[in-house]
Amino acid sequence: MITTLGPAQFLLLAQGLAWTLALSAIGFALGGLGGLVIALARSSGLKWLEGLAAFFIEVFRGTPLLLQLFIVYYGVGLLDLSVSPWMAVSIALMLHASAFLGEIWRGSIEAIPAGQTEAALALGIHYATRMRYIILPQALKISVPATIGFLVQLVKGTSLAAIIGFTELSRTGTLLSNITYRPLLIFGIVGLAYFAVCWPLSRLGRAMERRLTPAART
Amino acid sequence: MPGTEEPAILMEGVDKYYGAFQALKSVNFRVASGERIVLCGPSGSGKSTLVRCINRLETVQRGRIVVDGTELTAGRKAVDAVRRDVGMVFQQFNLFPHMTVLQNCMLAPIKVRGARREEARETAMRLLARVQIQEQANKYPAQLSGGQQQRVAIARALCMSPRIMLFDEPTSALDPEMVKEVLDTMIGLAAESVTMVCVTHEMGFARAVANRVVFMADGEIVEEAPPDEFFSAPKHRRTQAFLGQLLKH
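These numbers were taken from a predicted model, which means no experiment stands behind them.

**Some words on unusual backbone geometry**
- Unusually for a residue other than glycine, Tyr181(A) sits at a positive phi of about 55°.
- Along the chain, Tyr181(A) falls in the loop between helix 7 (169–180) and helix 8 (183–216).
- The residue Ser26(B) is not glycine, and still its phi comes out positive at about 45°.

This is the structure we're talking about:
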């Protein structure tokens, strides 16, 4: 039986889109926390900690997200823990985003002139206060365009969650195309939905880049 | 003046290396409390390095450094104690660009000294008034001229009530017309009992405020003398050559 494309099918697509957005949000939120830890470790000045963080970054940037999803999903399964696809995907996205955001933010932290740290040290300001009030506010500001660029990648990357049975936007598209036999139409709509999310983000990134550039002059 | 009481700054046999390059060669340096020192010398002579060792922005390989009675070691306690007592002004100002002038001045008193906000604000406004920049308190550093920024940097350091002030070429990055306002501020500061060590090539400033001029070359202190003597009768050949260079223009 061939199903036609009606309101019910659009509702499914909307649900798929909602899952995609939820996955992106959770990946970004958890990855943001992890990325901050990685960036701080990577620029800590402690050799062993920097090495550890560098290793983490290289592993997760140097392997496909798809592989990371598989390994987390089946790997955690091996530990005899029952792990929902939801949990597995969240963990994998978090690790993935932590590595990328950590590297982006490390670069931003290191771009802050040494004079800022020296001025803080001369005033007797310790590490935590220095990071919280002096270095990170400046570093995060200059990292905004690259961070949003990665967020766009992440939104599209969540489509890989379909592989382990997670019914987000892409998988919803696959299912619908199987029952409607209108793959081109369905995937056209799916593509438009991704575009509708990512394009405004890209625009936002570019707008912020423009807004931040004049502030960089002295 | 120097001699009897405990010195504000004491350096004994200090060696400092950057890799294989020796920046300080067995430096002995003593500053009495309340004394005002001008450090000069050709670029690369180690004068900035010497000043940066005093609050441990640089570590040394050998020798002793005692600041206000605290032996400067790797220990966090000693470093904290010294930095609490020592203010520093940099060539490039190093103001925090994302904070207003007032916030720049309030951060350390609140976070390091545990001052209350109101108290920190009051102190900051008083010191900003003293460097005559109180009406810019709510502006950001980028909105100010270089001379104004450097005066803010001086006020920011003073907000921590330091007993020793270090100046590392405070006027070298300024346009010529702004040098005077910064030097005037520093001369005003010299009228108080703050101990000052100032790396500068402003010889007029040295004549006006220094108790002693210290000349460095190749990582060594070559000559030190009161300004009159230093400028009129330099003893060492390298000092003569250096002063000759300055006066040629």
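From this point, the narrative continues.
**Here we look at a nonpolar patch on the surface**
All names here are of chain A.
- Taken together, the side chains of Leu46, Trp48 and Leu52 present a nonpolar region at the surface, about 360 Å² in accessible area.
- Examined against the element boundaries, Leu46 turns out to sit in the loop between helix 1 (7–42) and helix 2 (47–61).
- Judged by relative accessible area, Leu46 falls into the partly exposed class, the value being 42%.

**Looking at the confidence of the model for chain A**
- Averaged over all residues, the pLDDT of chain A is 89; the fraction at 70 or higher stands at 95%.
- This model gives residues 214–218 of chain A a pLDDT under 50, and the stretch forms 1 contact once residues within four places in sequence are excluded.

**Quick word on the pairing of strand 9 (residues 212–217) of chain B**
Residue and element names in this part refer to chain B.
- Burial runs high along strand 9: 6 of the 6 residues are buried.
- As paired elements, strand 3 (residues 36–40) and strand 9 share 4 bridges and run parallel to each other. Bridged to Ile37 within strand 9 is Arg212.

**Description of the nonpolar core**
- Counting residues in each nonpolar core, the largest one holds 80 residues, and the members touching the most others are Phe29(B), Leu50(B) and Val197(B).
- Residue contributions to this core peak at 12 residues, all from helix 6 (residues 127–157) of chain A.
- With residues near it in sequence (within four places) discarded, Phe29(B) still touches Ile9(B), Leu10(B), Met11(B), Ile37(B), Leu50(B), Ile54(B), Val197(B), Val214(B) and Ile221(B).
- The next biggest cluster of nonpolar side chains, apart from the first, holds 52 residues, and it includes Val131(B), Met178(B), Val194(B) and Val213(B).

**Description of the packing of helix 2 of chain A against helix 4 (residues 85–111) of chain A**
Residues and elements named next belong to chain A.
- Between helix 2 and helix 4, whose axes approach to 9 Å, the crossing angle comes to 120°. With respect to each other, helix 2 and helix 4 are oriented oblique. The crossing of helix 2 and helix 4 is left-handed. Of the residues in helix 4, those touching helix 2 at Phe56, Ile57, Phe60 and Arg61 are Leu95, His96, Ser98, Ala99, Phe100, Gly102 and Glu103.
- Across the contact of helix 2 with helix 4, the residue classes break down as 6 nonpolar, 3 polar and 2 charged.

Definitions and cut-offs
- Residues numbered from 1 in each chain as written.
- Chains lettered and ligands numbered in written order.
- Predicted model: local features only at pLDDT ≥ 70, side-chain atom pairs only at ≥ 80, totals over all residues.
- Heavy atoms only, no water.
- Helix = DSSP H or I, 4+ residues; strand = E, 2+ residues; numbered from the N terminus.
- Patch = residues over 30% accessible without salt bridge, like charges linked within 9 Å, V, L, I, M, F, W, Y side chains within 5 Å.
- Areas by Shrake-Rupley, 256 points an atom, 1.4 Å probe, with all protein chains shown as cover.
- Salt bridge = Lys/Arg side-chain N within 4 Å of Asp/Glu carboxyl O.
- Buried < 20%, exposed > 50% of the residue type's maximum accessible area, 1.4 Å probe, protein only.
- pLDDT = per-residue confidence, 0-100.
- Contact = heavy atoms within 4.5 Å.
- Pairing = 2+ DSSP bridges.
- Core = buried A, V, L, I, M, F, W, Y, C linked by side-chain atoms within 4.5 Å.
- Axes fitted to C-alpha atoms, helices over the stretch in contact; angles between N-to-C directions.
- Parallel < 35°, antiparallel > 145°, perpendicular 65-115°, else oblique.
- Left-handed = near helix turned anticlockwise from the far one by under 90°.
- Nonpolar A, V, L, I, M, F, W, Y, C, P; charged D, E, K, R; others polar.

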